[in-house]
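# Fold and contact review
Here's the letter readout for the chains.
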Amino acid sequence: MNKYNRQLLLIFLLLGFSQFTKAQGYWENLASKPSTLGLEEGIDTYKTKNFILKLVKASQTVAGLSPAAEPGFDFTPGDRLEIRGKDGLYWLGDLNFRIKNTSGEWVSYSTASARKPVTPLEASAPVLAAADLSATLPDDLPVHITRYYEDVEGDLVLRFRLKNTSETSVELGALGIPMAFNNILEGKSLDETHAQNVFFDPYIGEGAGYLEVKRLSGVGSGLLVLPAENMPFEAYRPLNDDPSPRSVVFEGFLEWMAHSEAYAEQEWKGVEQWNEPTSTTLKPGESKDFALKIVPTTGVRGTQQKLIEEKRPVAIGVPGYVLPQDVKAQLFLKYPKKVASMRVEPEGSLLITEEEPAKNGYVKYNVQGKTWGRARLTIVYADGLKQTVNYKVIKPETEVVKDFGQFLTTEQWFDEEGDLFKRNPSVISYDYETKRQITQDSRAWVAGLSDEGGAGSYLGAMMKQFILPDAEELQKMEAFVDGTLWGVIQDAEGDRKYAVKKSIFYYEPDTMPEGTYSDTINWKTWAAWNKEHADDRGRSYNYPHVAATHWVMYRLGRYHKGLVTNHSWDWYLKSAYGTAVAMIEDAPYYAQFGQMEGSVFLFILKDLKKEGYTEMAQDLETRMKARADHWKSLNYPFGSEMPWDSTGQEEVFMWSDYFGYDAKAQITLDAILAYMPTIPHWGYNGNARRYWDFLYGGKLSRVERQIHHYGSGLNAIPVLTAYRENPDLYLLRVGYGGTLGAISNITQDGFGPSAFHSYPSTLRIDYHSGDYGPNFYGYAINTATYLTEDADLGWLAFGGNLNETKKEISVEVTTAAKNRIFIQPEELWITLEAGKVAEASYNKKNGEVSLTLMPKDAFTPFAYISLTEGFKMDYPVERGMYKVPLGGEPVEVTITKEP
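Residues numbered from 1 in each chain as written. Predicted model: local features only at pLDDT ≥ 70, side-chain atom pairs only at ≥ 80, totals over all residues. Heavy atoms only, no water.

## Notes on the pairing of strand 2 (residues 51-56)
Burial within strand 2 is extensive, with five of its six residues counted as buried. Both strand 1 (residues 43-47) and strand 2 contribute to a ladder of five bridges, which runs antiparallel. Bridging from a neighbouring strand, Lys47 pairs with Ile52 of strand 2. Between strand 1 and strand 2, which pair antiparallel and follow one another directly, the connecting turn spans three residues. Taken together, the five bridges between strand 2 and strand 3 (residues 62-67) define a ladder with antiparallel strand orientation. Directly across from Phe51, in strand 3, lies its bridge partner Pro67. Linking strand 2 back to strand 3 in an antiparallel pair, the connection comprises five residues, with Gln60 at a positive phi of about 50 degrees. (Buried < 20%, exposed > 50% of the residue type's maximum accessible area, 1.4 Å probe, protein only. Helix = DSSP H or I, 4+ residues; strand = E, 2+ residues; numbered from the N terminus. Pairing = 2+ DSSP bridges.)

## Considerations on the sheet that holds strand 13 (residues 221-229)
For sheets, the rule is that strands pair by backbone hydrogen bonds, running either parallel or antiparallel. Within the open sheet, the eight strands sit side by side as 6-7-8-9-17-13-12-11. Their pairing is antiparallel. The sheet is open, and its two edges are formed by strand 6 (119-121) and strand 11 (198-203), each paired on a single side. Averaged over all pairs of adjacent strands, the angle between their axes in this sheet comes to 20 degrees, without regard to strand direction. Bridge count for strand 8 (residues 143-152) against strand 9 (residues 155-164) is ten bridges, and the pairing is antiparallel. When the sheet's bridge partners are listed, Asp151 is paired in strand 9 with Leu156. (Axes fitted to C-alpha atoms, helices over the stretch in contact; angles between N-to-C directions.)

## A look at the side chain of Glu651
Locating Glu651 in the fold gives a position in helix 13 (residues 649-658). Of note is the side chain of Glu651, whose polar atom sits 3.0 Å from the side chain of Trp655. Aside from chain neighbours lying at most four places away, what touches Glu651 is Phe593, Gly594, Gln595, Gly598, Ser599, Phe601, Met624, Arg627 and Trp631. (Polar contact = N/O pair within 3.5 Å; in protein donor to acceptor, adjacent residues only side chain to side chain. Contact = heavy atoms within 4.5 Å.)

## Brief notes about the packing of helix 10 (residues 569-586) against helix 11 (residues 599-610)
In the contact formed by helix 10 and helix 11, the axes pass within 10 Å of each other and the chain directions differ by 130 degrees. Comparing the axis directions of helix 10 and helix 11 gives the class oblique. You can see that helix 10 and helix 11 cross each other, and the crossing is left-handed. Judged by residue contacts, Leu573, Ala576, Tyr577, Ala580 and Met583 of helix 10 engage Phe601, Ile604, Asp607 and Leu608 from helix 11. Class assignment of the residues belonging to the contact of helix 10 with helix 11 gives a composition of eight nonpolar, no polar and one charged. (Parallel < 35°, antiparallel > 145°, perpendicular 65-115°, else oblique. Left-handed = near helix turned anticlockwise from the far one by under 90°. Nonpolar A, V, L, I, M, F, W, Y, C, P; charged D, E, K, R; others polar.)

## Some thoughts on the pattern of salt bridges
On inspection of all chains with the given rule, the structure shows 50 salt bridges. A salt bridge links Asp155 to Lys293, with the shortest nitrogen-to-oxygen separation between them at 3.9 Å. Of this pair, Asp155 sits in strand 9 while Lys293 sits in strand 17 (residues 287-298), placing them 138 residues apart in sequence. For Asp155, a relative accessible area of 8% corresponds to the buried category. According to the relative accessible area criterion, Lys293 is buried, its value standing at 17%. We note a salt bridge from Asp570 to Lys574, for which the minimum N-O separation is 3.8 Å. Remark: Lys574 and Asp570 occur in helix 10; sequence separation between them is four residues, near one turn of the helix. Overlapping salt bridges bring together Asp201, Glu212, Lys214, Glu251, Arg689 and Arg705 as one network. (Salt bridge = Lys/Arg side-chain N within 4 Å of Asp/Glu carboxyl O.)

## Considerations on the pairing of strand 39 (residues 849-853)
Here strand 39 lies mainly inside the structure; four of its five residues are buried. Looking at chain direction, strand 38 (residues 837-843) and strand 39 are connected through five bridges and run antiparallel. Bridge pairing in strand 39 links Ala840 to Leu851.

## Some details on unusual backbone geometry
Between Ala125 and the following residue, Pro126, the backbone shows a cis peptide bond with an omega angle of 10 degrees. Inspection of the secondary structure puts Pro126 in the loop between strand 6 and strand 7 (127-132). A cis geometry characterises the amide bond from Glu345 onward to Pro346, with omega recorded as -5 degrees. In this structure, Tyr498 is a non-glycine residue whose phi angle is positive, near 85 degrees. Its location among the elements puts Tyr498 in the loop between helix 7 (471-485) and helix 8 (531-534).

## A short note on the sheet that holds strand 2
Sheet architecture is open: three strands sit in the order 1-2-3, paired in antiparallel fashion. The two strands at the open ends of the sheet, each matched to only one other strand, are strand 1 and strand 3. Averaged over all neighbouring strand pairs, the angle between strand axes comes to 15 degrees, with direction disregarded.

## Some points on the confidence of the model for the protein
Detailed reading of the predicted coordinates is not advisable wherever pLDDT is low. Mean pLDDT over the protein stands at 95; residues scoring 70 or higher make up 97%. Throughout residues 1-21 the model reports pLDDT below 50, and contacts reaching past four residues in sequence, or to other chains, amount to 32 contacts. (pLDDT = per-residue confidence, 0-100.)

## Observations concerning helix 10
For helix 10, which comprises 18 residues, the first-to-last C-alpha distance of 25 Å matches the rise-based estimate of 26 Å (1.5 Å per residue) to within 8%. Among the residues making up helix 10, those that are buried are Tyr572, Leu573, Ser575, Ala576, Tyr577, Gly578, Thr579, Ala580, Val581, Ala582, Met583 and Ile584. Taken together, the buried residues of helix 10 touch helix 7, helix 9 (543-559), helix 11 and helix 12 (614-632). (Expected span 1.5 Å × (residues − 1).)

## Digging into the side chain of Asp419
Position of Asp419 relative to the elements: it lies in the loop between strand 26 (413-414) and strand 27 (426-427). Among residues more than four places away in sequence, those in contact with Asp419 are Phe414 and Asn424.

So, in structure tokens, the structure goes:
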């Protein structure tokens, strides 16, 4: 079976026959519709220094856009011209807008709705091609529209000129240009998608906004779309009226909107937008141009330099745009014109103070979050250009994590006596809208404590204990392990010991008492598994959640006194090992792919070695190397149940890195960076691309770009691992954006939602807990304090508050865990298995590092500290770690370089 057929089979198995055939039917239906794009009239080709532009003669829409040096690559879905050459399907070069009629109602217009051949106009430099669009728009339109493609020093400008031809003023309440780039993965292998397709990420930042267009591989040529004239990036609207079927292989197209007031008054009414919605008015006879500029970039890191070259504003937030209230953040701005004014909305939500300028034209501001929730900073420059930076203010990380653990072990704590599915006690899924636990769902796993969408809550509760253990909460988690995990979710004996079921909730009304299942739920879906299907142990993705649970309990039992009492620490470590082995033996097919939270298997291996369990360690390492060897043999080893996924890269990178497969690790990192940008906006900064998991774990179920779904937290693990191995501020910004993004959606009272909805009609959290647990796993594994120095920006702290003197740099640690610090100038990685660091100081002259350890608590008499090779402390070593006695007062310890 070839790769494509195998991927189709996997989609078939996951989605069920009806949904699979439905998606196929949409494409077949499109193919049967009459073509209206005018392809039979041929294609015109134009060349600039940077691009090869192809236009359909009849419509003058873009049929292809290629780098001049690589004519075989097309940024647009030109490979689907035939099937998508129909009315209502968008192409680059189309225009959507709304005009208020004489009755005060908004009326929608689109050049794509009812295509007719446009009238070409004479063109002379810099214009490549121009057309009168009247023929493809209604006759009674009070506006005349002309479109131009221009060559501006080798770059491409797409310009629309709108002229009011009526005798009264015309109000434009919406105007948008569809960004129809080739993100359609349908029918392609992983090799083909990485070679042929692109992803695009928006900075919805008004006049400073832009769109990054990047190849799936993360290398090679890319694009940056910029405002050219009257095209601020005000809103980003999904084009769901395009009949191209959205699915796991097509996120859909979106449009760059310069004006959006008409939508804010109707479809988006009552929803707080990223930017203030606006309209514009054309007086009788008045003309106005709306233009975007398309420029080339190289790789995924070229945006900042290209913005500087194009004299566009650059904004860099440290540690990002998710602001814990106790963090003193920085914002660096660079633009040829000075800042004229700043405005914060809601008023008082942010405190902004200007500091001394940094180097190379950067201006530095201190930023502190004051009021919980979303906040918008509007910057106006001396030339009138307006830029917005969207922040999310959260509680201090310690409070966020405490609230999360409290919510999970109270509101989500399920202990219903006599539960027919043996789910008690447990941390079960939750509906935040109704304030009720989810004990039944047509997606069996959501109520069945397995799969990401059902196991997420107990996994989150366990990972909370990993960084901020609480004795009372841990007693409940021990009861969960003994009463529900061991022997119910996971086999406790027999030939399949340690194997994990797909779900312990199932739909089988004929074998259950009458009234077991709600009659308000639609049970006629592929996802309402019967008991046989739910009992299946063959889905490998269920195993990491269980392995992580055992591993965390091992760590707590090993490095603390009296926190874990139901089993010995070694029972838990052996159970973690047994779960890892069972995944390979009982779920071999899916185990060939990288798993979400798969990094936990590497942590288990390292702890087996640390404890001297040589036989188990060798066995696990051999099994994992076989998987890594398989990935090494593939060009892009990122398969899963889906044709393309952002799930497996975490584990693929970690094992490739561990076994020294550096080339494969780099390919994996490049692919992650292609879908995980750094952008001056809390929702998109470090946000790994996910767009279908609301279907499987959300309440509002649709294909939609998810803001800080678990891809953010998980993919930040390899990004920050790569940073520590080869420090690069770009990696730190991306990785830390994903790490803080992972906790950005937790509510004030501690509920962890599956993700945030990006549609401008919604812009809120999803109300189901769903698969949030893997996201918090990423945060728990990754949370750390980073001290780094940049040539332009100076000394920076991520995860702490900086204080600089001539002699030293000190950082007050603000993470919840307070157990990991990276000192970039020394490439020193400090990790604590027990104990917490209140403050760290770095002597700039001799490289000495001092730590202030917090006093002991009832369960933590010792700190266990690991250091990068080449550094030492004057304390005894136990299992490769320095063992430091803690007392009733803070303890100062010193780290020096080995001679």
